[in-house]
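Descriptive structure summary
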Amino acid sequence: VMILALALLVGYLGVFIFRALVQGRGVKIFDVVQSGAAVLIGFGSAVRIARTAGTGEEVLGWAALAAALAGYAVAFTLVRRRLGRGRGFFYFATLALVFLLLGSRAVAQGPWLVWCWILLGLVTSVLGARFDRVTLQAHSLVYLALGAARSGLLPGAVGALTGTDASLGHSPGAVLVVSLVALVFAYLAAARQVTPETDDTPRRVIRSGLALLAAFGLAGLAVLGLTAILGEGRALVATVRTGVLSVAALVLSLPGRRPESRELGWLAYLMLLLGLAKVIVEDLRLGDPLALFLAFGMLGSVLILVPRILRAGRRNTGDSPNV
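Owing to the predicted nature of the structure, the values given are computational and were not obtained by experimental measurement. (Residues numbered from 1 in each chain as written. Predicted model: local features only at pLDDT ≥ 70, side-chain atom pairs only at ≥ 80, totals over all residues. Heavy atoms only, no water.)

A word on helix α5 (residues 111–131). Here α5 is 21 residues long and its end C-alpha atoms lie 30 Å apart, about the 30 Å a rise of 1.5 Å per residue gives. Of all the positions in α5, only Leu113, Val114, Trp117, Ile118, Leu120, Gly121, Thr124, Ser125, Gly128 and Ala129 are classed as buried. The arc that holds every buried residue of α5, seen down its axis, measures 160 degrees, which confines them to one face. Exposed side of α5, more than 90 degrees from the buried face: Pro111, Trp112, Leu119 and Arg130 are the residues found there. Of the surrounding elements, those touching the buried residues of α5 are α4 (87–107), α6 (134–151) and α8 (174–192). A positive phi of about 55 degrees marks aspartate 132, the residue just after α5. (Helix = DSSP H or I, 4+ residues; strand = E, 2+ residues; numbered from the N terminus. Expected span 1.5 Å × (residues − 1). Buried < 20%, exposed > 50% of the residue type's maximum accessible area, 1.4 Å probe, protein only. Arc of directions from axis to C-beta. Contact = heavy atoms within 4.5 Å.)

Turning our eyes to something else, we now look at the pattern of salt bridges. All chains considered together, the criterion is met by 7 salt bridges. Across the salt bridge formed by arginine 207 and glutamate 263, the nearest N and O atoms sit 3.1 Å from each other. Within this pair, whereas arginine 207 is found in helix α9 (residues 201–230), its partner glutamate 263 is found in helix α11 (residues 262–286), the two being separated by 56 residues in sequence. For glutamate 263, a relative accessible area of 0% gives the class buried. With a closest N to O distance of 2.9 Å, glutamate 282 and lysine 278 form a salt bridge. Linking glutamate 282 with lysine 278, this pair stays in helix α11, spanning 4 residues, or about one helical turn. Both residues of the pair, glutamate 282 and lysine 278, belong to the buried class. Three or more residues joined by partner-sharing salt bridges are found here, namely Arg241, Lys278, Glu282 and Asp283. (Salt bridge = Lys/Arg side-chain N within 4 Å of Asp/Glu carboxyl O.)

Residue placement: glycine 88 occurs in helix α4. Classification of glycine 88 as buried rests on a relative accessible area of 8%. Those residues in contact with glycine 88, other than ones at most four positions away along the chain, are Val27 and Val79.

If you look at the biggest cluster of nonpolar residues, it comprises 42 residues, and the most contacted ones within it are Leu183, Leu210, Leu252, Met271 and Val306. Looking at this core, the element that brings in the most residues is α9, giving 10 residues. One finds Ala68, Tyr72, Ala108 and Tyr143 within the second-largest nonpolar core, a separate group that totals 36 residues. (Core = buried A, V, L, I, M, F, W, Y, C linked by side-chain atoms within 4.5 Å.)

Where helix α1 (residues 2–22) contacts α4, the two axes come as close as 12 Å, and the packing angle between them is 155 degrees. Between α1 and α4, the angle falls in the class roughly antiparallel. Both α1 and α4 take part in a crossing whose hand is left-handed. Along its contact with α1, which presents Leu9, Leu13, Phe16, Ile17, Ala20 and Leu21, the element α4 presents Tyr91, Phe92, Leu95 and Phe99. Its residues assigned to classes, the contact of α1 with α4 shows 10 nonpolar, no polar and no charged. (Axes fitted to C-alpha atoms, helices over the stretch in contact; angles between N-to-C directions. Parallel < 35°, antiparallel > 145°, perpendicular 65-115°, else oblique. Left-handed = near helix turned anticlockwise from the far one by under 90°. Nonpolar A, V, L, I, M, F, W, Y, C, P; charged D, E, K, R; others polar.)

So, about the side chain of arginine 204. Looking at the element boundaries, arginine 204 is found in helix α9. Taking the relative accessible area as the measure of exposure, arginine 204 reaches 19% and is therefore buried. What arginine 204 contacts, discounting residues up to four positions off in sequence, is Asp199, Arg262 and Trp266.

Below, the structure is given as structure tokens:
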């Protein structure tokens, strides 16, 4: 049954690859949809059978990793030279991404899987920045986002900022800290390559995703650290969250006023919106007079300062304000 499942996968992908590379017919929407189904049914079934039988899963994982390397090589050499950065290029690059994720899950387990995804994210980030490859930078965002989720950084930060779960913050592990550092590094690597000629929408989306994950991670750890020092009273913790969101908005607005890092300005407005929603939903319900005074004072100050800072940056660069 495992052989039949893999034969389905190899048969479908073999036909599509033959049509795209040998016959030069390119990649159609039908090929993309059928390939996804073939990977899900063929490889997914083979892995499920191997896991149930207790043997063979690691071999499938290494085979998937080999297919991923082949997919990257074909996409960035043969397909890019012959067909350009069209649908065929993204087809093979996405196949490589999918097989690399599936293979790493089959080969690495537990904490090693997180380290694997963080390493993949750093490698693709460096290569994408070094050779100006938007696809590799997008894949870096996928790997690092999965690493942040798996390490506990993302759920821990969301829990700390929303008050749903603060159990991860008092003793963050090394992998959680490394995941955060990797996100910051990947954003800085992508931001260093920004020029007026290359600052297009895909690159801004990638930088925005990296900055969003890093900002939430830093804000979440800040909340957890401050509550560990100041105490865990409900009104106090609610005020700490408001203060962290306010400071995050102010800090993001400072570099966000420059055109090459305007995505940080967008995140500053997002932090303001989250702070406003949080004050209405949580602070007004839990806060005592002193806590409410501090929360409204902090949030009101940044509501005045952040738009002024961003507008001043646009005026200095000649851009029209975008309200």
